[in-house]
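As a plain string of letters, each chain reads:
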Amino acid sequence: YPDEGVACVYSNPSATGLALNQPDHDIFCRESFNRGVAWQDSYSVTNYDNASEGSPNHFNAGSEAHCTYDSDGDLHVWWIATPTSANPYYDGYNWSDFDANLYHWEKTNGNNVPGTGDIVKVANGTFENPDMLTGSMNTFVCGFGGSNSGYVGWATMGECDGKLYMTWSQMHERANWM
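Nothing here was measured: the structure is a model prediction, and the numbers come from that model. (Residues numbered from 1 in each chain as written. Predicted model: local features only at pLDDT ≥ 70, side-chain atom pairs only at ≥ 80, totals over all residues. Heavy atoms only, no water.)

**Observations concerning the sheet that holds strand S2 (residues 25-32)**
Right, so step 1: The strand order across the open sheet formed by three strands is S1-S2-S3, and the pairing between neighbours is antiparallel. Across the chains shown, the open sheet's two edge strands, defined by having one partner strand only, are strand S1 (6-13) and strand S3 (43-44).
Right, so step 2: Across two bridges, S2 lies against S3 in antiparallel orientation. Bridge pairing in S3 places Cys29 opposite Tyr43. (Pairing = 2+ DSSP bridges. Helix = DSSP H or I, 4+ residues; strand = E, 2+ residues; numbered from the N terminus.)

Below is the structure:
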């Protein structure tokens, strides 16, 4: 399986985001178990639920998403996502906020599609922003993020001696607040 598996991940608008013309994205994955000869249907790794008021799963995935297989053949996906408000479609949430976190997901069900696994926050790039619902960007508290990312970006993962390591760039680091 590790020698035959190929995967790609990407950010794609959610159905609600498309319908309401908002930049609301999830991270999707497509896998091939025969070196890319045939591809399985894509599936959402994140299943963010911004359309349901009060859902605890309110995030907006950014465009940076990556994946790799480890030496045991397990698929790992990591991406940047921004937490949203409790009801971002209707309460005036600022979709352009720079707050962002780094997340990791490991597929735990082998060659089955869709994949299952747990999402874990790796790095916190979310800072207190009293203006999140007013439409003004979070510049007073922390300043601007990067030109291609928020306060966390450019993440990568590697493996050495059976252990996974991640590196990333972060602006306004405050002991990572974790």
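Still more to cover.
**Brief notes about the pairing of strand S8 (residues 152-160)**
Right, so step 1: Across seven bridges, S8 lies against strand S9 (residues 163-170) in antiparallel orientation. If you follow Thr156 over to S9, its bridge partner there is Thr167.
Right, so step 2: Between S8 and S9, which follow one another and run antiparallel, lie two residues, and Asp161 among them has a positive phi close to 55 degrees.

**So, unusual backbone geometry**
Right, so step 1: For the peptide bond that leads from Val113 to Pro114, omega is 10 degrees, which places it in the cis range.
Right, so step 2: Although it is not a glycine, Asp161 sits at a positive phi angle of roughly 55 degrees.
Right, so step 3: Along the chain, Asp161 turns up in the loop between S8 and S9.

**Considering the nonpolar core**
Right, so step 1: Of all hydrophobic cores here, the largest spans 17 residues; its most connected members are Ile27, Leu75 and Trp79.
Right, so step 2: Looking at this core, the elements that each hand over two or more residues are S1, S2, strand S4 (59-69), strand S5 (75-83) and strand S6 (100-106).
Right, so step 3: Trp78, Ala100, Val152 and Met166 belong to the second-largest nonpolar core, a separate cluster that totals nine residues. (Core = buried A, V, L, I, M, F, W, Y, C linked by side-chain atoms within 4.5 Å. Buried < 20%, exposed > 50% of the residue type's maximum accessible area, 1.4 Å probe, protein only.)

**Here's the deal with the packing of aromatic side chains**
Right, so step 1: Scanning the entire structure with this criterion turns up five aromatic pairs.
Right, so step 2: Measuring from ring centre to ring centre gives 6.0 Å for Tyr10 and Phe28, while their planes differ by 20 degrees; the resulting arrangement is stacked. In this pair, Tyr10 sits in strand S1 while Phe28 sits in strand S2, placing the two residues 18 residues apart along the sequence.
Right, so step 3: Judged by relative accessible area, which is 27%, Tyr10 ranks as partly exposed.
Right, so step 4: Its relative accessible area of 17% is what places Phe28 among the buried residues. (Phe/Tyr/Trp six-rings, centres within 6.5 Å; stacked < 30°, edge-to-face > 60°.)

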